[in-house]
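# A closer look at the structure
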Amino acid sequence: MDAKALLFSLAIIFSPLIVFLISNNRRKACNPPGPFSWPIVGNLFQIDPKKPHISLAKLAESYGPVMTIKLGSRHIIVASSPAAAKEIYKTHDGDLTGRYVPQMAQYSPDFQTSAIAVSDKCTKNWRLLRGILHSSLFTSKALESHSEIRLEKTRDMLGFFKSRNGEKVNFTDVIYATIVNTWTRLFVSEEIIKSWEEVGEIRDITRKLVEFAIPGLFDLFPALSCLSFFGKKKIDDSLEASRKIWGEIIQKRRDEKKQMGDYLDVLINNSFNDNQICNHFNELLSTAETVTIAVEWAMAELVKNQDSFATLRKELEKAVDEGGVLQERQLSKLPYLQAVIKEALRLHPPTPLFLPRSAIQSCQVMNYEIPKDCLVLVNFYTLATDPTFWEDPLSFKPERFMGNNNLDVKGTNYQVLPFGAGRRICSGIPLAIQEMQLLIAAAVLGFNWSLPCGKDPSQLDMAEYFGTTLGLENPLQLIPNTKYEFKMEGY
């Protein structure tokens, strides 16, 4: 065999290998870059569990706005720029609508037919439940019709602060109890927090249930699934505790067959069973934690930044009419109040790493390949603190949202996405904003606030704690001093 024939034969023999190597090299070139991952654990030890959003932001500085990290056996695509977020939430929203359902969550009976935020797909049942929820609680008509309930609970809050005039109060717990009892009045026409001693218990139950909806140890290391019975016992205990909250109320309504005109009636009339209703109420109640954290951060920043506090109070005082009445319907028209809310949500998003999306089919984001079933995470913190867009991004400056600035927080501006975006956006934005503006306005207008032990407000501890939400490491402890007497009216 001559040289030419030998070369031709070798080319034929090795051509499949050459094609494979070339195509494999191209495939790797299309994958988002990322840090070296260790066997078994991946990049787990490069992520600070107390500040994962900051760890991912630092990695993005080295590997770009779209990067790949590996946690255990799971590859996760992390987006860290407005441009990448826009491609995920708008350009490829349809390709990335899935959710990964953690193993622990699947132990909950009827979970997939009663979940909205963590439903694995946007199914017909998902659209039905989301539509029922929106029309019952979140439309302008519904918000207006529920105004008196919000005002009643806000008056109770102000009355409590007034009764503790000059004394230290746990501001965070008071806000949480106010929001929970407001919302459960909308859900079931009852208040589930009967005393201050129950606040911690209810928060603990909802936090544990939220934890089961977040990918955990058994999801990152499937080989450990044989030990999942330990986790199943925990979720069974948490579900049992939640059923004690809702079960009796649901059964009583079914037995009496009495229409109260609330959300529970709507669910029963649409043939949802008890497990579905319990799961759904648990998911809704968990969002009370995020709204509480948002109000907590806003109030902490206002107390720390007394100039901003004074500016907001001045605006609110001007909004009070001659009869000493603050109208709830006027709050959405107060520019500085709205700027304070937006700035607090920008600087302190309650969930900086929202639940990851899952690719229901492969697509390309910023020319990188996103394979089917891959998890995709957007770091809201990096979007909202990008110095190329935000001047002095780590400072609290509500003025940045004033004037001709049309930036909003409702999912259309990709520089600030506290509620997510796309078809998976949080459906409760209208109610959350309504609660925030009412509670913040009432607290700022009615009281002067100081720190315990005469501490300088500018020295307020703003250390973060990352759990199911990103809140203050130490709950906000404040001293109310009555400043302004006023009345409140609704729509």
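Calculation rules
- Residues numbered from 1 in each chain as written.
- Predicted model: local features only at pLDDT ≥ 70, side-chain atom pairs only at ≥ 80, totals over all residues.
- Heavy atoms only, no water.
- Pairing = 2+ DSSP bridges.
- Helix = DSSP H or I, 4+ residues; strand = E, 2+ residues; numbered from the N terminus.
- Buried < 20%, exposed > 50% of the residue type's maximum accessible area, 1.4 Å probe, protein only.
- Contact = heavy atoms within 4.5 Å.
- Axes fitted to C-alpha atoms, helices over the stretch in contact; angles between N-to-C directions.
- Core = buried A, V, L, I, M, F, W, Y, C linked by side-chain atoms within 4.5 Å.
- Phe/Tyr/Trp six-rings, centres within 6.5 Å; stacked < 30°, edge-to-face > 60°.
- Expected span 1.5 Å × (residues − 1).
- Salt bridge = Lys/Arg side-chain N within 4 Å of Asp/Glu carboxyl O.

### Considerations on the pairing of strand S2 (residues 74-79)
Pairing of strand S1 (residues 66-71) with S2, which is carried by six bridges, proceeds in the antiparallel orientation. Looking at S2, one finds that Met67 is bridged to Val78. Connecting the antiparallel pair S1 and S2 is a turn made up of two residues, with Gly72 showing a positive phi of about 65°. Bridge analysis of S2 against strand S9 (residues 375-378) gives four bridges, and the strand direction is parallel.

### Some points on unusual backbone geometry
Of note in this structure, Ile40 is not a glycine but carries a positive phi near 70°. Positionally, Ile40 belongs in the loop between helix H1 (3-30) and helix H2 (52-63). Taking relative accessible area as the criterion, Ile40 reaches 67% and is therefore assigned exposed. Phi angles above zero are rare outside glycine, and Asp392 is one such case at about 50°. Examined against the element boundaries, Asp392 turns out to sit in the loop between helix H15 (380-384) and helix H16 (429-446). For Asp392, a relative accessible area of 35% gives the class partly exposed.

### Remarks on the sheet that holds S2
To summarise the sheet geometry, strands pair through backbone hydrogen bonds and adopt either a parallel or an antiparallel arrangement. As summarised here, the arrangement of the five strands in space is S1-S2-S9-S6-S3, forming an open sheet in which the pairing is mixed. Single-partner strands in this sheet number two, and they are S1 and strand S3 (98-99). In the packing of H2 onto the sheet, contacts are made with S1, S2 and S9, and the angle to S1 comes to roughly 125°.

### Description of the nonpolar core
With 108 residues, the main nonpolar core has Phe171, Phe187, Trp246, Tyr263, Phe281, Ile440 and Trp449 as its most contacted residues. Considering every element that reaches this core, the biggest residue donor is helix H12 (residues 274-304), with 16 residues. Counting residues in each nonpolar core, the second largest holds 20 residues, with Val66, Ile88, Phe380 and Leu383 among its members.

### Structural notes on the packing of aromatic side chains
The tally for this structure, following the rule as stated, stands at 15 aromatic pairs. Considering the side-chain rings of Phe161 and Trp449, the 5.0 Å spacing of their centres and the 85° angle between planes classify their relative orientation as edge-to-face. Taken together, the residues span a long stretch of sequence, with Phe161 in helix H6 (residues 147-163) and Trp449 in strand S10 (residues 447-450) at a distance of 288 residues. Judged by its relative accessible area of 0%, Phe161 is buried. Accessibility expressed as a relative area gives 7% for Trp449, which makes it buried. With centroids separated by 5.5 Å and ring planes inclined at 55°, the aromatic side chains of Phe447 and Trp449 adopt a geometry described as tilted.

### Quick notes on helix H4 (residues 124-138)
If you check H4, its first and last C-alpha atoms are 20 Å apart, about what 15 residues at 1.5 Å a residue would give, namely 21 Å. Among the structural elements, helix H5 (140-145), helix H7 (171-188), helix H11 (263-269), H12 and H16 are those in contact with the buried residues of H4.

### As for the pattern of salt bridges
Under the defined criterion, the tally for this structure stands at 20 salt bridges. In this structure, Asp204 engages Lys208 in a salt bridge whose closest nitrogen and oxygen atoms are separated by 3.3 Å. With a gap of four residues between them, Asp204 and Lys208 both fall in helix H8 (residues 199-212), about one helical turn apart. For Glu289, the salt bridge goes to Arg207, with nearest N and O atoms at 3.1 Å.

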